[in-house]
Amino acid sequence: MVQQSKLSRRGFLKTGTIAGSAGLLPLLVSGKVLGLDGNVSPSNKVNLGAIGIHGRGTHDLHCFLNRNDIRFRAICDIRRVQRETIKAEADKHNNDTDCAMYRDMEDLLIRDDIDAVLIATGDRWHTMASIIAARHGKDVYCEKPLSLTIEESLALARAVKRYGIIYQAGTQRRNIGNFQLAAKIAQSGKLGKLTEVHANTLWPATTQDWLPAEPQPDIEECDWDRWLGPCPWRPYNQQYVVGGWRGFYDFHGGGILEWGSHTVDLCQWAAEKDQTAPVRYEPQFQQNGSISGTIFAWYADGLKLVMRESGWLGLGTCSARYVGEEGWVETGDSGRMAVSSDALRGELKYFGMPGTDPITHIAEFVECVKSRRTPAANAQVAANSHIASHCAYIAWQLGRPVEYDPAKAEFINDEDANRMRSRAMREGYIL
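Remember, predicted model here, so these are calculated numbers, not experimental data.

Basis of the calculations
- Residues numbered from 1 in each chain as written.
- Predicted model: local features only at pLDDT ≥ 70, side-chain atom pairs only at ≥ 80, totals over all residues.
- Heavy atoms only, no water.
- Axes fitted to C-alpha atoms, helices over the stretch in contact; angles between N-to-C directions.
- Helix = DSSP H or I, 4+ residues; strand = E, 2+ residues; numbered from the N terminus.
- Parallel < 35°, antiparallel > 145°, perpendicular 65-115°, else oblique.
- Contact = heavy atoms within 4.5 Å.
- Nonpolar A, V, L, I, M, F, W, Y, C, P; charged D, E, K, R; others polar.
- Pairing = 2+ DSSP bridges.
- Buried < 20%, exposed > 50% of the residue type's maximum accessible area, 1.4 Å probe, protein only.
- Lys, Arg positive; Asp, Glu negative; His and termini not counted.
- Salt bridge = Lys/Arg side-chain N within 4 Å of Asp/Glu carboxyl O.
- Polar contact = N/O pair within 3.5 Å; in protein donor to acceptor, adjacent residues only side chain to side chain.

*Asks:* Can you lay out the packing of helix α7 (residues 150-163) against helix α14 (residues 379-398) for me, pointing to particular residues and giving the numbers?
*Replies:* One way to put it is that α7 packs onto α14 with a least axis distance of 8 Å and a crossing angle of 175°. Regarding the angle of α7 to α14, the classification is roughly antiparallel. Touching Ile150, Ser153, Leu154, Ala157 and Val160 of α7 are Ala379, Gln380, Ala383, His386, Ile387, His390, Cys391 and Ile394, all from α14. Per-class residue counts for the contact of α7 with α14 are nine nonpolar, four polar and no charged.

Structural data, given as structure tokens:
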């Protein structure tokens, strides 16, 4: 239905052009409307809305606003100060006062003049907001991680397929030069047969603690109930709302997911495993018997995935290493690369764009919205890399190995692990 709608609008414009040649339209049309003189005609602009914009989301939004084929129309945020801040920026950029403000995303999503949405809420809302947007026929660029559970990952992939929208997860390193080259080297056979892929992750743990209760603000200042969304209720504390929610289990998937949504994704891509996930996960332990932050995993064909915090070469955050029988390549957010031998050194280039920059990733998303081509970080490939991260964290929490069947999306003969595939949601929130 979404694709038909977009095509019908283009069809209308094509019909209008033909009619104009028959004298049914005015003969004088401005160059701006036709897209001449460096302008983009209104018909070729993507009308954008945004949900939950602060921090990283603000950086993403600036990347969208700097494009001449984007028209930003509306902001939804549960905090008044953020609504007004983003509106002021948008109105200044658009040189008008037309940017609308909403507290409830449904009010933004029912607008038929919005084509796509940028979702940059906290992690707890990413899946739910994306599915609601998909139901309204909106294309979605969503910050990572796309999900907090295996069940959410699968539900999002199903919704994107069902409603036919374009979805791009904010795992922008798939569109960053040094990561692309490292993946190409791994896939070219120049490392020999791949034996291991290594993903830079963080300490896995989260806490079940609550921050002290504070007086709950007026709903227009901060809609606390809506901020919580599908998560279990807890009393208001301002620190949650201004970004201090990380590390709390109800709102966060832990350190493996925090960076693994990028780096495990890179490993799956380089190893050409986008359509699956590892089948066995083993947490590692220190000599004193305490659990470490490292998890080993294996794919069905024996390829080993290593998720680890330490031992990297200092090439930047979110590093990845691909190891073959004849050599290895490693890279990170600095744009620099390292290889195992002089024989591979001629393959290397330096890329100045840091791995944190989403410009090229957002550019691909906008092109895909127009062409209806499937983007690199689409919902299915992102779901599988997230599932791998979730499985690893489940093994770490249980403190023992687990075996997972990617085809059935369940753990093998493991009731405890299978219960951890999902989380309870508050009444009124369903996937």
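*Asks:* Any details on the sheet that holds strand β4 (residues 116-119)? Residues and values, ideally.
*Replies:* If you walk across this open sheet you meet the six strands as β3-β2-β1-β4-β5-β6, and the pairing is parallel. Pairing within the sheet leaves two strands with one partner each, and these edge strands are β3 (100-102) and β6 (167-169). If you compare each strand with its neighbour and ignore which way they point, the axes differ by 20° on average. The sheet contact formed by β4 and strand β5 (residues 139-142) spans four bridges and is parallel. Looking at the pairing, Leu118 lines up with Tyr141 of β5.

*Asks:* Talk me through the side chain of Asp357; I want residue IDs and the actual numbers.
*Replies:* Within the secondary structure layout, Asp357 lies in the loop between α12 (342-345) and α13 (359-371). Look at Asp357: it is buried, it has no salt bridge, and the nearest opposite charge is Arg56 at 6.7 Å. Engagement of the side chain of Asp357 in a polar contact is seen with the backbone nitrogen of Ile359, the distance being 3.0 Å. Asp357 has contacts with Gln172 and Ile176, leaving out every residue within four places of it along the chain.

*Asks:* Provide a residue-level description of the pairing of strand β7 (residues 194-200), including the pertinent values.
*Replies:* Across the seven residues that make up β7, a large majority, five, are buried. In the sheet, β7 pairs with strand β11 (residues 320-324) via five bridges, with the strands oriented antiparallel. Paired with Glu196 across the bridge in β11 is Val323.

*Asks:* Report on the pairing of strand β14 (residues 402-405), specifying residues and quantitative values.
*Replies:* Only one face of β14 is covered, namely the one carrying Val402 and Tyr404; the face carrying Glu403 and Asp405 has none of its residues buried. Pairing between strand β8 (residues 280-285) and β14: two bridges, direction antiparallel. Across the sheet, residue Arg280 finds its bridge partner in β14, namely Glu403. Pairing of β14 with strand β15 (residues 410-411), which is carried by two bridges, proceeds in the antiparallel orientation. When the bridges of β15 are listed, Asp405 appears paired with Glu410. What sits between the antiparallel neighbours β14 and β15 is a turn of four residues, in which Ala409 has the positive phi angle 55°.

*Asks:* Got a sec to walk through the pattern of salt bridges? Specific residues and values, please.
*Replies:* One pass over the structure, following the stated rule, counts 32 salt bridges. Of the charged contacts, one joins Glu220 and Arg83 as a salt bridge, the two residues approaching to 3.5 Å between their closest N and O atoms. Here the residue Glu220 occupies a position in the loop between β7 and α9 (224-228), and Arg83 occupies one in helix α4 (residues 80-94), the gap between them amounting to 137 residues. For Arg83, a relative accessible area of 6% translates into the label buried. Between Glu367 and Arg373 there is a salt bridge whose closest N-O contact spans 2.9 Å. By relative accessible area, Glu367 is classed as partly exposed at 33%. Three or more residues joined by partner-sharing salt bridges are found here, namely Arg83, Arg103, Glu220 and Asp223.

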